[in-house]
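# A look at the structure
Take a look at the letters that make up each chain.
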Amino acid sequence: MSLPATSSRGIGDWLPLALVGAVLVLFAVTAGYVLIEGRGIGIELGSLLLVGSILLLMLTGLPLAIVTALVAILFTVGWFGPMGLPLVASRVYSFISEYVLVAVPMFVLMASILDRSGIARDLYDAMRVWAGGLRGGVAVQTLVAAVFLAAISGIIGGEIVLLGMIALPQMLRLGYDRSIAIGTVCAGGSLGTMIPPSIVLIIYGLTANVAIGDLFLATITPGLLLAALYVGFILIRCHLNPQAGPPAPLEERRMSLRGKLAKLKGVAIPMAVAVLVLGSIYGGIASVTEAACMGVVGVLAAAAIRRELTLAMLRDSLTQTLNTCGMIIWIGIGASALVGVYNLMGGTRFVQEAITGLGVAPIVVLAFMMLILLVLGMFMDWIGIALLTMPIFVPVVQDLGYSPVWFGILFAMNMQVSYITPPFGPAAFYLKSVAPPEISLADIFASLWPFILLQLCGLAIVLLFPEIAMWLPEAVNGH
Amino acid sequence: MPDRASSAAIARHGDQEQADGEAVYDLLADTRPVTALDRRVDRLGRYVGVLFLVAVAISFYEIVMRYAFNAPTIWVHETVIALVAVCYAFGGAFALARDSHIRIGLIRAVAGPRVRKILNVVNAAMALVFAAALGWAAYLMTRKAWISPAGELSLDRSGSAWNPPLPAMIKAGLLVCLVLMGVQALLHLVHWLRDSMGREH
Amino acid sequence: AKYEWTFQTSAQAGDNFFKIEQAWADRVNAMSGDRIEIEILPVGAVVAHNETLEAVGAGILQGHLTDPSYFAGKDPAFAMLGNLVGAWSDPDQMLKFMNYGGGKELFNELVEPYGLHFIGASATGLEAFLSTKPLNGVDDLEGLKMRAPEGMVQEVFARAGAAPVNLPGSEVYTSLEKGVIGAADYTVFSTNHDLGMHEFADNPVYPGFHSLPVVEVSLNKQIWDGLPEDLKAILEVSVRDFARDMVARLEVADAKAVAEARANPDITISDWPESERAKFREIARGVWKDWAGRSDMAGKVYEQVTAHMRGVGLLQ
Ligand code: NA
Ligand code: NA
C-alpha cells in the first residue's frame with residue numbers, strides 16, 4: 001500500500017521519532033505515578049496530570065474516544081483501585097441509554113437522506129440565485145437556516161451534522177472560503193442550545209431551580225445577537241475579500257423572475273419538512289426529542305415524492321448514521337466517564353475552593369467564574385461542566401445578588417464557546433464526523449478562532465449589559 | 001471545482017464498503033488494518049443500521065397513537081432507547097473497523113512511514129488496554145444485572161409499568177461490543193507488529 | 001476526619017432538598033467531633049440516578065440519599081417500600097411505619113444483599129400533581145395523557161383510566177407547555193412553582209393524592225459494620241432528625257408557594273375531597289396486591305405494610 005507521506009525526506013525520521021519517544025515516556029511516567037501514588041497526589045496536581053495525559057495521548061493520534069476513556073480508566077484505578085472500574089462502565093451504560101441523545105441519530109439520518117437525494121443541492125441552488133449579488137449571501141442564508149433549525153432542536157450534535165452534511169459541501173461547491181464555510185456551520189449549528197428549546201437551559205433550570213420559561217425568554221436576544229455578530233463578520237469579510245464568498249455568476253443573477261421562481265421549488269420541500277417538525281413541537285404533537293423523528297419521516301416522504309428513495313440510498317444513509325453516531329457518541333462516552341471520575345476525585349471541592357478563596361468585588365468573582373467555565377470548556381463536555389460547577393456557582397451567584405436567570409444565559413453562552421474551542425470541541429468533532437475527508441480537525445479548529453472571538457464579544461456584552469437578556473422575561477412577566 | 005466534487009467526497013466517505021479497504025482516500029488511510037474481522041463488522045453494520053429505521057417507525061407510531069387516538073403506548077420510548085443504545089455500542093466497533101474514530105494526529109502529520117508504523121503499534125496496544133479494562137468493568141456490571149445477590153439468574157428490569165428486562169440486555173450488548181472491540185484491537189496489534197517487523201522494505 | 005465519605009443524592013444542586021441534605025452532613029460532622037466528613041454530590045455527579053445502589057454496594061460511593069423506586073427494576077419491593085402509591089396521606093404516617101412498624105428491618109433485609117445498610121428514611125413530603133386542565137377526582141383522569149416515572153405510579157394511573165406517557169424529567173417542561181401531555185407526576189409544589197411549571201400547568205392538585213417518595217439514607221454495609229457504636233448511634237439519630245427537618249422545611253416552602261399561587265388568578269389549585277382520595281387508594285391497593293406476587297420481598301412488604309396499616313387504623 002502506498003503511503004501519502006507528508007514529511008519531506010530531508011528532515012528524516014529522527015525528530016518525529018524523538019517526539020514519539022518523549023510523549024510515550026512522559027505518559028508512562030505520569031501513568032506510573034498515578035497508579036502508584038493514587039489519591040495521595042491530591043486534586044490540584046491530579047487535575048493537571050489528568051489534563052496533561054489527555055493532551056499527551058492526543059498527540060500520538062490515538063482516537064479521542066479512546067484517549068478520554070483511557071484517562072478515565074487510569075485515574076479510576078489510580079484513585080480507587082481496580083474495584084472502582086465499574087464506575088466507568090456505569091457511566092458508559094447511562095450515557096448510551098440517555099433519552100435526550102435519541103435525537104442525535106434522527107438528525108444524522110435526516111441529513112444523510114437529504115444529502116443523498118437532490119434536495120439539499122436544489123435548496124442551495126435556489127439560495128444562491130436569491131442571494132443575488134450579495135457577497136457571502138449564501139453563508140448568511142445558511143445562518144438564517146441555522147437559527148430556524150435551532151428552534152426545532154434542543155441539542156447541537158444533530159444540527160451541526162445536518163449543516164455539515166448539507167451546507168458545508170454546498171458552500172464549498174459555490175466557491176466559498178473554507179474557513180467561512182466551516183465557521184458558519186460550527187458556530188451557526190451550535191445555536192441550537194442558545195435558541196429555545198434548549199436542553200442546556202432545561203438542565204440548567206432543573207439544576208439551579210430556575211424557571212425554564214424565563215430562561216427561554218432571556219436567551220432569545222443573546223442568541224440572535226450571536227447570530228447577528230456572525231452575519232456581520234461574514235458580510236464584512238466577504239466585502240473586503242470577494243473571493244471568500246463569491247456571489248452568483250452574472251448570468252444567474254440576470255435570470256428572469258419566472259426562472260427564479262422556478263428555483264424556489266427547491267426551497268419548498270425543505271420548508272415543508274421544517275414546518276412539519278416545527279409544527280409538531282409547537283402544536284404539541286411531539287416532544288422535542290420525538291420531533292427529530294418527525295423530521296426523518298418528512299424527509300423520507302419528500303425523497304419518495306421526488307422518486308429518489310431507493311433501497312441502496314436508504315442502506316447507505318443508515319450505515320453512515322451508524323458510523324457518525326459511533327464516532328461522536330464514543331467521544332461523549334469517554335468524556336462522560338471522565339466527569340464521573342473527576343467529581344468523585346473531589347473536583348467539585350477543588351473548584352469551590354478556587355472561588356471562595358477570592359474575597360474580591362462581585363463582578364470580579366463573576367468574571368472569574370466565566371474564566372473557569374471557559375477553561376473547563378476546553379477540556380469537558382457541557383453536561384460535565386454543569387454537574388461540576390453549578391452546585392457551587394449558583395448559590396454564590398444568588399448570594400452576590402445576581403439573577404440566576406441571567407447567569408443561566410451567561411452559562412449557555414460560555415457553552416457556545418466550549419463547543420468550538422480546542423482541544424475538546426464537540427462542534428468540531430461533529431463536523432469532522434461528516435466533513436469531506438480532506439478537511440482535517442486542525443483545519444476546522446483553525447477556521448473557528450474568529451468565531452470564538454465573536455462569541456467572547458457576545459459574552460462580554462451580555463455580562464456588561466444584563467438587560468439584553470433580561471428585558472424580555474421582565475416585559476412578559478410584567479415586572 | 002468540479003460540480004459535485006465535495007458531495008461525491010462525502011458519498012465516498014459514506015460508501016466505504018464499496019472501497020473495501022483498497023482505496024486511499026484519507027491521509028490517515030494507512031492506519032486502517034483491514035482484518036477479516038473488520039470487514040465482517042463493517043458488513044454487519046448494514047443490518048444493525050436498520051435498527052435506526054425501526055426506531056423511527058415505532059416513534060412515529062407512538063406519536064400517531066398518542067396524538068390521534070389518545071392511546072400512548074407503554075413500550076415505545078423504552079424500546080427506542082434500547083435500539084439506539086445498542087446502535088451506539090455497536091457504532092464504537094463499527095467506527096473502529098472503518099478506522100473512522102476522530103483523532104488529532106499532530107505527530108503523525110509530520111512523521112514518515114517508519115514512525116507511523118510505530119505509532120500504529122502503540123495505538124493498537126492502547127486500544128487493546130482500553131477495550132480490556134472497559135470490557136472487564138462491563139463484565140462486572142453485566143454480571144450484577146443478570147445475577148441477583150442470592151446467586152440466581154434474575155435480569156434487571158426497567159421498573160416501569162411495562163417493566164422489560166432491557167437494562168440487563170443493553171448492559172450485555174455493551175459487553176459484547178466491548179469484547180468485539182477488544183478482539184479487533186488485538187488483531188490490529190498483530191497486524192501492525194507483523195507490518196513493522198516483517199515487511200520492512 | 002477519620003471517615004471521609006462521598007454520598008450521592010437524587011436531588012438537583014439547586015433543589016431546596018440539596019441544602020437540607022448538606023446541612024445534615026454538616027451536623028453529622030459536628031456531632032461526631034469531626035470524625036465523619038460527608039460530601040454530598042448532586043444527582044448524576046458520579047453515576048446516574050438509577051446506578052447508585054450498585055455504586056454504594058461496590059464502595060465507589062460510600063452512601064446515597066435517594067428514592068428507592070429507581071431500583072424497582074431490580075426488585076419490585078424497592079418500589080413498594082420506596083413509594084407505595086396512595087398509601088400515606090402525610091409523611092408522618094410513612095415515617096412511623098419505617099421507624100416503628102417494621103419498615104426499617106424489612107428495608108435492611110432488602111438492601112443488605114446488595115452490600116448496603118439502611119440507616120433511616122426521610123421524605124420530601126406529599127408531592128403535588130401538575131395538570132393543565134381541571135382535575136377534581138378520579139373520573140377526570142380518564143384518557144388523561146400524563147407523564148409518570150418508573151415504579152408503581154405508572155401502573156396505578158393506567159388502572160385509574162389515565163394514559164401514562166414514558167418521558168424523562170428533562171422533557172416534562174416542554175411537553176407540558178406545548179400540550180404533548182396534559183399532566184405530570186413530577187415533584188413537590190414549591191419546586192414545581194420555582195420552575196415556572198404553573199404558568200401553563202395551571203390546575204395543580206395539592207396536596208397530591210398519588211405519591212409520597214421515601215428518601216432512603218444508606219451507607220455501604222462493610223463501612224457500617226466497622227463503625228464504633230457511638231458513630232452508629234449518631235448516624236441513626238441524625239437521620240431521624242434529618243427527616244423531621246426536611247419534612248418541616250419543605251412544608252413551609254410549599255405553604256409559601258401555595259399562598260403565592262392562590263394569589264395568582266390564573267392558577268387554580270384543586271384539593272381532592274377525601275372520597276376521591278379513597279377511590280384512588282382503592283385502585284392503588286389493587287396494584288399493591290399484584291406487585292406482592294412479583295417477588296418474595298415484595299410479598300413480605302405487602303404483608304407488613306397492610307398489617308401495620310390495619311393496626312393503626314389506616315385500613316379496615
Ligand atoms: Na434550540
Ligand atoms: Na471546547
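Since this is a predicted model, take the numbers as computed values, not measurements. The residue numbers shown here count from 1 along each chain, following its written sequence. The naming scheme follows written order: chains are lettered A onward, ligands numbered 1 onward. Reporting in this predicted model follows two pLDDT cut-offs: at least 70 for local features of residues, and 80 or more for side-chain atom pairs to be given and counted; totals over whole chains, interfaces and linings ignore these cut-offs and use all residues. To obtain the side-chain values, all non-hydrogen atoms of the structure were used and water was disregarded.

## Examining the UniProt feature "domain: TRAP C4-dicarboxylate transport system permease DctM subunit" (unreviewed entry) in chain A
Going by this rule: UniProt positions are given in the numbering used here, feature names are shortened, and annotations may be inferred rather than shown by experiment. The way it works is that DSSP assigns letters per residue, a run of H or I at least four long becomes a helix, a run of E at least two long becomes a strand, and they are numbered from the N terminus.
The feature "domain: TRAP C4-dicarboxylate transport system permease DctM subunit" (unreviewed entry), as given by UniProt, occupies residues 52-468 of chain A in the numbering adopted here. Between the end C-alpha atoms of residues 52-468 of chain A the distance is 38 Å, and the span holds 78% helix and 0% strand.

## Points about the interface of chain C and chain A
Heads up, the condition is: Here, residues are in contact when the closest pair of their heavy atoms is within 4.5 Å. Every case where a carboxyl oxygen of Asp or Glu lies within 4 Å of a side-chain nitrogen of Lys or Arg is listed as a salt bridge. When residues are sorted by character, Ala, Val, Leu, Ile, Met, Phe, Trp, Tyr, Cys and Pro go into the nonpolar class, Asp, Glu, Lys and Arg into the charged class, and all the rest, Gly among them, into the polar class.
In this assembly, 36 residues from chain C lie in contact with 41 residues from chain A. Counting every contact that joins chain C to chain A gives two salt bridges. The set of elements that each furnish at least two residues to the side of chain C that touches chain A consists of helix H1 (16-31), strand E2 (36-41), helix H7 (172-178) and helix H8 (189-194) of chain C. When grouped by side-chain class, the residues that make up the side of chain C that touches chain A number 17 nonpolar, 12 polar and seven charged.

## Some points on the pattern of salt bridges
Summed over the entire model, instances satisfying the criterion amount to 34 salt bridges over all chains. Where B:Lys144 meets C:Glu54, a salt bridge forms, and the shortest distance between an N and an O atom there is 3.7 Å. Of this pair, B:Lys144 sits in helix H7 (residues 113-146) while C:Glu54 sits in helix H2 (residues 52-57), which puts the two residues in different chains. Notably, a salt bridge pairs C:Glu274 with C:Arg281, separated by 3.8 Å at the nearest N-O pair. Each of B:Lys144, B:Asp156, C:Glu54 and C:Lys74 takes part in one network of salt bridges that share partners.

## Brief notes about the sheet that holds strand E5 (residues 129-131) of chain C
All names here are of chain C. The line we're drawing: In short, DSSP must find at least two bridges between two strands for them to pair. Structural elements are reduced to axes, namely lines fitted to C-alpha atoms, with helices fitted over the stretch in contact, and the angle between N-to-C directions of any two is expressed from 0 to 180 degrees.
Taken together, four strands build an open sheet; the order of strands is E5-E8-E6-E7 and the sheet is mixed. The open sheet terminates on both sides in strands that have one partner only, identified here as E5 and strand E7 (163-165). Put simply, the sheet's adjacent strands are angled 30° from each other on average, direction ignored.

## Quick look at the interface of chain B and chain A
For the record, the criterion: Here's the idea: put two parts together, see how much 1.4 Å probe accessible area each one loses, and the total over both is what we call buried area. Residues adjacent in sequence count toward polar contacts only when both atoms are side-chain atoms; beyond that, a polar contact is any pair of N or O atoms within 3.5 Å, and within protein one must be able to donate a hydrogen and the other to accept it.
Each side of the interface is counted separately: chain B has 83 residues, and chain A has 87 residues. Both sides together, the interface formed by chain B and chain A hides about 7,800 Å², and carbon and sulfur atoms give 73% of it. Our enumeration of links across chain B and chain A arrives at one salt bridge. Its salt-bridge partner being B:Arg66, residue A:Glu290 comes within 2.7 Å of it at the nearest N-O pair. Seen at the junction of chain B and chain A, the total is 11 residue pairs in polar contact (both at pLDDT 80 or more). Mapped onto the side of chain B that touches chain A, the elements with two or more residues apiece are helix H1 (5-14), helix H3 (36-48), helix H4 (50-69), helix H5 (76-97), helix H6 (106-110), H7 and helix H8 (166-197) of chain B. Ranked by residues supplied to the side of chain B that touches chain A, first place goes to H7(B) with 19 residues.

## Some details on the packing of aromatic side chains
For any pair of aromatic rings, geometry is given as the distance between the ring centres together with the angle between the planes. Put simply, the rule is: Centres within 6.5 Å are what make two rings of Phe, Tyr or Trp a pair, Trp counting through its six-membered ring; a difference in plane orientation under 30 degrees is then read as stacked, over 60 as edge-to-face, and the rest as tilted. Accessible area is worked out with a 1.4 Å probe on protein chains only. A residue is then buried under 20% of its type maximum, exposed over 50%, and partly exposed in between. Whether a charge sits over a ring depends on NZ of Lys or CZ of Arg being within 6 Å of the ring centre and within 35 degrees of the ring normal.
By the definition in use, this model includes 30 aromatic pairs over all chains. With a centroid separation of 5.0 Å and an interplanar angle of 80°, the aromatic rings of C:Tyr173 and C:Phe200 are classed as edge-to-face. Note that C:Tyr173 is positioned in helix H7 and C:Phe200 in the loop between H8 and strand E9 (214-220), a separation of 27 residues in sequence. Classification of C:Tyr173 as buried rests on a relative accessible area of 2%. Three or more aromatic residues joined by ring pairs form one cluster here, namely C:Tyr3, C:Trp5, C:Phe7, C:Trp24 and C:Phe242. Here the guanidinium or amino end of B:Lys171 rests over the ring plane of A:Tyr93, the centre of that ring lying 4.6 Å away.

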